[in-house]
Amino acid sequence: LRFPQKLWKMLESGKFQSIWWSESGKCVAINKDLFEVEVLGREGQQVFHTQKIKSFMRQLNAYGFTKMQWNFQRSASLPEFLAEEVAASAHSQILYYFNPSFNRAHPWLSEACKRR
């Protein structure tokens, strides 16, 4: 299978806790630390031909995925700001990647994901 098909199959399998569809189904969400252990660190059962997260991210980029930045609006009050800071810190371990041809609601579009 090509990289996009492997990625799609992984997302749809439900076997992995480290990678999932975003709520909208338009982005791939990856818990970086967990992904390194759960997917890239697998002995003898590798899904992708790499053990490094940077190589995996290069593959995503090569197939037209772009990293999404999530901007949090901060509250003016200190207690609310501190609570939001904790949530943002936990959220920073999650990477979001978008490709207009990789959409959960339109699986046939994934055929358009070609290596650059």
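Our subject is the structure that appears above.
As a starting point, this report considers the structure included with it. Because the structure is predicted, anything quoted here is derived from the model rather than measured. For every chain, the first residue of the written sequence is number 1, and numbering continues from 1 along that sequence. Side-chain atom pairs in this predicted model are given and counted only at pLDDT of 80 or more, local residue features only at pLDDT of at least 70, and totals for whole chains, interfaces and linings cover all residues. Values shown for side chains rest on all heavy atoms present in the structure; no hydrogens or waters enter the calculation.

Some remarks on the nonpolar core
Here is step 1: Ranked by internal contacts, the top residues of the largest apolar core, which has 25 residues, are Leu7, Ile19, Ile30, Phe35, Phe56 and Phe102.
Here is step 2: Numbering of helices and strands runs from the N terminus; a helix is a DSSP stretch of H or I covering at least four residues, while a strand is a stretch of E covering at least two. Taken together, the elements giving at least two residues each to this core come down to α1 (3-13), β1 (19-21), β2 (27-31), α2 (32-40), α3 (53-62) and β4 (94-98).
Here is step 3: Ignoring sequence-local partners within four residues, the contact set of phenylalanine 35 consists of Met10, Ser18, Ile19, Ile30, Leu40, Phe48, Ile53 and Phe56. Here the nonpolar core consists of buried residues drawn from Ala, Val, Leu, Ile, Met, Phe, Trp, Tyr and Cys, with membership extended through side-chain atoms lying within 4.5 Å. When a residue's accessible area, from a 1.4 Å probe over protein chains only, is under 20% of the maximum for its type it is buried; when over 50% it is exposed; and in between it is partly exposed. Here a residue-residue contact requires only that any non-hydrogen atoms of the pair lie within 4.5 Å.

As for the pattern of salt bridges
Here is step 1: A side-chain nitrogen of Lys or Arg and a carboxyl oxygen of Asp or Glu constitute a salt bridge if their distance falls within 4 Å. Across all of its chains, the model carries one salt bridge by this definition.
Here is step 2: As a salt-bridge pair, glutamate 12 and arginine 104 come within 3.2 Å of each other at their nearest N and O atoms. Here arginine 104 lies in the segment after β4 and glutamate 12 lies in helix α1, a separation of 92 residues in the sequence.
Here is step 3: Of the residues examined, arginine 104 reaches a relative accessible area of 45% and is grouped as partly exposed.

Quick look at the environment of arginine 2
Here is step 1: For arginine 2, the position within the fold is in the segment before α1.
Here is step 2: When the C-alpha atoms of arginine 2 and glutamate 111 are compared, they prove to be 9.9 Å apart, with 109 residues separating the residues in sequence.

Thoughts on α1
An α-helical turn contains 3.6 residues, so a residue and the one three or four places further along point in the same direction.
Here is step 1: Burial of α1 is extensive: eight of the eleven residues sit out of reach of the surface.
Here is step 2: Those residues of α1 lying buried are Phe3, Pro4, Gln5, Lys6, Leu7, Trp8, Met10 and Leu11.
Here is step 3: Where the residues of α1 are buried, they touch β1, β2, α2 and α3.
Here is step 4: Backbone geometry just downstream of α1 places glycine 14 in the positive-phi region, at approximately 75°.

Digging into the packing of aromatic side chains
Here is step 1: Note on aromatic pairs: the rings of Phe, Tyr and Trp (six-membered ring only in Trp) are paired at centre separations within 6.5 Å, and the planes decide the class, stacked below 30 degrees, edge-to-face beyond 60, tilted for the rest. Scanning the model with the defined rule gives nine aromatic pairs in all.
Here is step 2: Among the aromatic residues, those joined into a cluster by ring pairs are Phe3, Phe35, Phe48, Phe56 and Tyr63.

With respect to the pairing of β4
Here is step 1: Summarising burial for β4: four of the five residues are buried, a large majority.
Here is step 2: What makes two strands pair is DSSP finding at least two bridges between them. Across five bridges, the pairing between β2 and β4 is antiparallel. Counted as the bridge partner of valine 28 is tyrosine 97 from β4.
Here is step 3: With three bridges joining them, strand β3 (residues 66-68) and β4 adopt antiparallel strand pairing. What sits directly across from threonine 66, in β4, is phenylalanine 98.

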